[in-house]
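Residues per chain, in single letters:
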Amino acid sequence: MVTEALDPTDRLIAERACERLIVEFVHKLDLGDPGDVADLFTDAGFWEWTEGDRRIEGRDALRSYFAGRPADRLSRRICTNILVTVTSESTATATTYFTTYRVDGHVGGLVPPRAPTQVGHYEDTFLKVEGHWLLSSRSLHLAFGGPTERLAAGA
């Protein structure tokens, strides 16, 4: 494999940069401006669900898609088991397990605990562009999933 030919320090730096993109992605969705997720992708990058026909391609489309999330959505994603494999000096892949807790209709305050809305994994590809690592694709694979609950008014 090509990773063995890379300097160990360069490989570690690449792995860490890709791990950071994985964490930044969920941070922007949960605590930032969801539309900013697009900045983590290459110009031609895409996000897709492997089940169904949902594929969003290109930075502008990604920005519009993620910025279109409901303003009253409360979500928290937990990412674990992040395994990055550097495949060359400028490419890498990763698999990351995730659990999503999410409700719509949130107007503030603490929400009582509930079961996760989704559990699955992401499969990512990365490309180093002008010295910076970016996502070139993210595929979402669900093992468990259900609808997003809408909180009742005043809940």
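> Looking at this model, I keep getting lost on the overall build of the protein chain. Mind explaining?
Counting its regular elements, the protein chain contains two helices and seven strands. Whereas a compact globule of 155 residues would reach a radius of gyration of roughly 15 Å, the protein chain reaches 17 Å, a difference of no more than 12%. Summarising its shape, the C-alpha atoms of the protein chain cover approximately 60 × 30 × 30 Å along the three principal directions. Buried positions account for 39% of the 155 residues belonging to the protein chain. In the protein chain, once contacts between residues fewer than 6 apart in sequence are set aside, the share between residues at least 24 apart is 59%. Of the roughly 8700 Å² of accessible surface on the protein chain, 54% is carried by carbon and sulfur atoms.

> How should I be thinking about the layout of surface pockets in this particular structure?
Vacant regions in the atomic arrangement are exposed by a probe of water-molecule size rolled over the atoms. The computed volume of the largest pocket comes to approximately 230 Å³. Lining the largest pocket are 15 residues, with Trp49, Arg54, Tyr65, Arg69 and Arg102 positioned closest to its centre. Elements that contribute at least two residues to the lining of the largest pocket include exactly helix H1 (8-31), strand E1 (41-49), helix H2 (59-67), strand E4 (91-104) and strand E5 (118-129). Classifying every residue of the lining of the largest pocket gives eight nonpolar, two polar and five charged. For the second largest pocket, the calculated volume is near 190 Å³.

> Looking at this structure, I do not really get the pairing of strand E3 (residues 74-86). What am I missing?
Every regular strand shows the same layout, with side chains that alternate between the two sheet faces. In the sheet, E3 pairs with E4 via eleven bridges, with the strands oriented antiparallel. Residue pairing in the sheet places Arg77 in a bridge with Thr100 of E4. Between E3 and E4, which pair antiparallel and follow one another directly, the connecting turn spans four residues.

> When you look at the packing of aromatic side chains in this model, what are you seeing that I'm missing?
Both the distance between ring centres and the angle between the ring planes are used here to describe each pair of aromatic rings. By the definition in use, this model includes eight aromatic pairs. Measuring from centroid to centroid gives 5.4 Å for Trp47 and Tyr65, while their planes differ by 35 degrees, and the two rings are tilted. With Trp47 in strand E1 and Tyr65 in helix H2, the pair connects residues that are 18 residues apart, well separated along the chain. With a relative accessible area of 3%, Trp47 lands in the buried category. Tyr65 gets classed as partly exposed once you look at its relative accessible area, which sits at 27%. Every member of this aromatic cluster is reached through a ring pair, and the members are Phe25, Phe41, Trp47, Trp49, Tyr65, Phe66, Phe98 and Tyr122. One Lys or Arg, Arg138, reaches over the ring of Phe25 and ends 4.2 Å from the middle of that ring.

About the criteria used
Residues numbered from 1 in each chain as written. Predicted model: local features only at pLDDT ≥ 70, side-chain atom pairs only at ≥ 80, totals over all residues. Heavy atoms only, no water. Helix = DSSP H or I, 4+ residues; strand = E, 2+ residues; numbered from the N terminus. Rg over C-alpha atoms; globule rule 2.2 N^0.38 Å. Buried < 20%, exposed > 50% of the residue type's maximum accessible area, 1.4 Å probe, protein only. Contact = heavy atoms within 4.5 Å. Areas by Shrake-Rupley, 256 points an atom, 1.4 Å probe, with all protein chains shown as cover. 1 Å grid on protein atoms, 1.4 Å probe; cavity = no way out; pocket = protein on both sides within 12 Å on 5 of 7 lines; lining within 4 Å. Points joined across faces, edges and corners; volume = space filled by probe spheres on them. Nonpolar A, V, L, I, M, F, W, Y, C, P; charged D, E, K, R; others polar. Pairing = 2+ DSSP bridges. Phe/Tyr/Trp six-rings, centres within 6.5 Å; stacked < 30°, edge-to-face > 60°. Lys NZ or Arg CZ within 6 Å of the ring centre and 35° of its normal.

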